[in-house]
Amino acid sequence: MGTERYEHGTHEESARTLATSTQLSAGQMAGAIGEGRSFLGIVIPVEGEYARKVSATRAATGDPYAYIPPHITLMSGVPLPDPAEAIAHIRNVVSAFSPFPLRFAGTDTFYPVSPVTYLRVAEGERELTELHERLHSGPLDAKPAYPFVPHLTLAQEVAPERLAQVRREWEDVSFNMSAHGVTVHVGDGAGSWTQIEELAFSG
């Protein structure tokens, strides 16, 4: 995503929070979205020890988005149609999934297409891809600008040599986590994102 902001704690705290699935009424949603907010973003938070290391790495490189909590992006910048219809669709898709394991291992880059170095998803790619495709359907049927590659960003918008350095430093790193659910955000198209929901995988 772009410059979204949301707070996070430990894996256990995330699981407990998502288990309650924060949901807004149509009126509350309209108030949270506000005038001029018209884009959706959906992510899976990545938390714990390695998330803190990722954040530290991004800050050390001078990454201008280092303040963004680590996450896997499932949807970003999709125009928001009718809010109630869109959120109903997202809730329906997410509720059909059960928590699933994720493993990150090895690095790659989108450079030179995009100045990003990232950790690859070694386990859980099938579930992430299916979730991505189901979300991008129905009222949110929008073709992404680029093919979906599930990943965890390590550095962004920094010089090519810094991207290469981070890639070398993280090449042998691997860690596991469980995906418990998603957070839903609305953006104004100018880089500001507001979280409006947390939804648990409950299938």
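Predicted model only: the values in this text are computed from it and were never measured. (Residues numbered from 1 in each chain as written. Predicted model: local features only at pLDDT ≥ 70, side-chain atom pairs only at ≥ 80, totals over all residues. Heavy atoms only, no water.)

J.: What is the right way to read the side chain of H151 from this model?
T.: Its place among the elements puts H151 in strand β5 (residues 151–156). If we ignore the near neighbours within four places in the chain, the residues touching H151 are H71, I72, F110, Y118, L119 and V121. (Helix = DSSP H or I, 4+ residues; strand = E, 2+ residues; numbered from the N terminus. Contact = heavy atoms within 4.5 Å.)

J.: Teacher, can you tell me more about the environment of R126 here?
T.: Counting through the fold element by element, R126 comes out in helix α5 (residues 125–135). For R126 and P150, which are 24 residues apart along the polypeptide, the C-alpha to C-alpha distance reads 9.6 Å.

J.: What am I meant to see in the side chain of H89 here?
T.: Summarising the element assignment, H89 is placed in helix α4 (residues 83–95). At 3.0 Å, the side chain of H89 and the backbone oxygen of L135 are in polar contact. In this view, H89 contacts R134, L135, S137, P139 and L140; residues no more than four positions away in its chain are not counted. (Polar contact = N/O pair within 3.5 Å; in protein donor to acceptor, adjacent residues only side chain to side chain.)

J.: Help me understand the sheet that holds strand β7 (residues 181–187), please; the structure alone is not making it clear to me.
T.: Two orientations exist for strands paired in a sheet by backbone hydrogen bonds: parallel and antiparallel. Taken together, four strands build an open sheet; the order of strands is β2-β1-β7-β8 and the sheet is antiparallel. Of all the strands in the sheet, the pair left with one neighbour each is β2 (71–79) and β8 (193–200). Strand-to-strand twist in this sheet, taken as the mean axis angle between neighbours without regard to direction, amounts to 20°. Pairing geometry for strand β1 (residues 39–45) and β2, over seven bridges, is antiparallel. Bridged to F39 within β2 is P79. Contacting β1, β7 and β8, α4 runs over the sheet at an angle of about 40° to β8. (Pairing = 2+ DSSP bridges. Axes fitted to C-alpha atoms, helices over the stretch in contact; angles between N-to-C directions.)

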